[in-house]
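Below are the chains, spelled out letter by letter.
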Amino acid sequence: MSLQDLLRLDVHEVARGLLGATLIVDGVGGEIVEVEAYAADDPASHSFGGPTSRNGVMFGPPGRLYVYRSYGVHWCANVVCGPEGEGAAVLLRALRPTDGVELMHRRRGVGDERLLCAGPGRLTQALGITGTHDGARVDRSPFRLRLPVREPLIEATPRIGITKASTLPWRYVVRESRWASRGPRRASS
DNA sequence: CAGTGGATGCTCT
DNA sequence: GAGCATCCACTGT
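Here we summarise the structure given alongside this text. (Residues numbered from 1 in each chain as written. Chains lettered and ligands numbered in written order. Predicted model: local features only at pLDDT ≥ 70, side-chain atom pairs only at ≥ 80, totals over all residues. Heavy atoms only, no water.)

**Description of the overall build of chain A**
Helix and strand counts for chain A come out as 4 helices and 8 strands. Listed by position from the N terminus, the elements making up chain A come as α-α-β-β-β-β-β-α-α-β-β-β. Relative to the 2.2 N^0.38 estimate, which gives 16 Å for 189 residues, the radius of gyration of chain A is 15 Å and therefore close to what a compact globule would have. Its C-alpha atoms put chain A at 40 × 35 × 35 Å along the principal axes. The buried share among the 189 residues of chain A stands at 49%. In chain A, once contacts between residues fewer than 6 apart in sequence are set aside, the share between residues at least 24 apart is 58%. Of the roughly 9,400 Å² of accessible surface on chain A, a fraction of 48% belongs to carbon and sulfur atoms. (Helix = DSSP H or I, 4+ residues; strand = E, 2+ residues; numbered from the N terminus. Rg over C-alpha atoms; globule rule 2.2 N^0.38 Å. Buried < 20%, exposed > 50% of the residue type's maximum accessible area, 1.4 Å probe, protein only. Contact = heavy atoms within 4.5 Å. Areas by Shrake-Rupley, 256 points an atom, 1.4 Å probe, with all protein chains shown as cover.)

This is the structure we're talking about:
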């Protein structure tokens, strides 16, 4: 299936379909290993309640990036999906770094490889994604998004850090990936 | 390893 | 004025 076709599907199918995909921004990026689905009519979604100046991109065509500031400090990036106007999007939460790892280390200021892209705020910082990319297309420079040959094994868990609809298992993670952000009730070791 | 609190800015009521 | 789709530093085991 083409990227364009995938992005028009239901948000959960898009979320699962993006796992294992390669996301590159100006030569820096890696394999997507953790995402969350934010559906239409989802109380936890920024699109709940209709379009505003912040979430406007969510109601535009699929395949655009919805980037917003989180807690006044971090940027978080979503891929808009589903039928245009629906307001659904997939939050990018973690990557397995493959390209431009040196630059990621410099941008993040950490030595631990595991902490480069494990979490939505860390991921955007490592890839250099900011509010200027709000509304940008994921299939155009500086972005490149390549779907996996085969879908990886996937685990579904509750979404992280939300207060509404907090028990729905709409966080999708590549099974056993060591690159995912730490979630609730993850086995200690 | 678990729990807590601070930073910080913008959106929406 | 409240409330965040977060991260980090620091505490106490």
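**Examining the nonpolar core**
Note that soluble globular proteins tend to have their nonpolar side chains buried in a common cluster. Membership of the largest hydrophobic core comes to 43 residues, with the highest contact counts inside it found for Ile32 and Leu127. Discounting chain neighbours no more than four positions away, the residues touching Leu127 are Leu23, Val25, Val28, Gly29, Leu95, Met104, Arg107 and Cys117. Residues Tyr38, Met58, Tyr68 and Val80 belong to the second largest nonpolar core, which totals 11 residues. (Core = buried A, V, L, I, M, F, W, Y, C linked by side-chain atoms within 4.5 Å.)

**Quick notes on the side chain of Arg93**
Mapped onto the elements of the fold, Arg93 is located in strand β5 (residues 88–99). Using a relative accessible area of 7% as the deciding quantity, one classes Arg93 as buried. For Arg93, the side chain forms a polar contact with the side chain of Ser181, separated by 3.3 Å. Not counting residues within four places of it along the chain, the set of residues in contact with Arg93 comprises Glu34, Val35, Glu36, Cys117, Ala118, Gly119, Pro120, Leu123, Ile160, Arg171 and Ser181. (Polar contact = N/O pair within 3.5 Å; in protein donor to acceptor, adjacent residues only side chain to side chain.)

**What to know about the protein's contact with DNA strand C**
Near DNA strand C you find 19 residues, and of these His46, Tyr68, Asn78, Gly121 and Arg122 are the closest. One of the side-chain N or O atoms of Arg122 is found 2.5 Å from a phosphate oxygen in DNA strand C. A distance of 3.3 Å is found between a phosphate oxygen of DNA strand C and a backbone nitrogen or oxygen belonging to Gly161. At the level of elements, β3 (65–70), β4 (74–81), β5 and α4 (120–127) are the ones that each hand at least two residues to the surface near DNA strand C. Of all the elements, α4 adds the most residues to the surface near DNA strand C, at 3 residues. (Near = heavy atom within 4 Å.)

**Looking at the pattern of salt bridges**
In this structure the tally under the stated criterion is 8 salt bridges. Here Glu31 and Arg96 are joined by a salt bridge, their closest N and O atoms 2.8 Å apart. Of this pair, Glu31 sits in strand β2 (residues 28–38) while Arg96 sits in strand β5, placing them 65 residues apart in sequence. Using a relative accessible area of 17% as the deciding quantity, one classes Glu31 as buried. For Glu34, the salt bridge is made with Arg171, and the minimal N-O distance between the two is 2.8 Å. Of this pair, Glu34 sits in strand β2 while Arg171 is found in strand β8 (residues 171–174), placing the two residues 137 residues apart along the sequence. (Salt bridge = Lys/Arg side-chain N within 4 Å of Asp/Glu carboxyl O.)

**Topic: α4**
The element α4 is largely enclosed, with a buried count of 6 among its 8 residues. Taken residue by residue, α4 has Pro120, Gly121, Leu123, Thr124, Ala126 and Leu127 as its buried positions. Phi turns positive one or two residues past the end of α4, at Gly128, with a value near 75°.

By themselves these figures say nothing about function.
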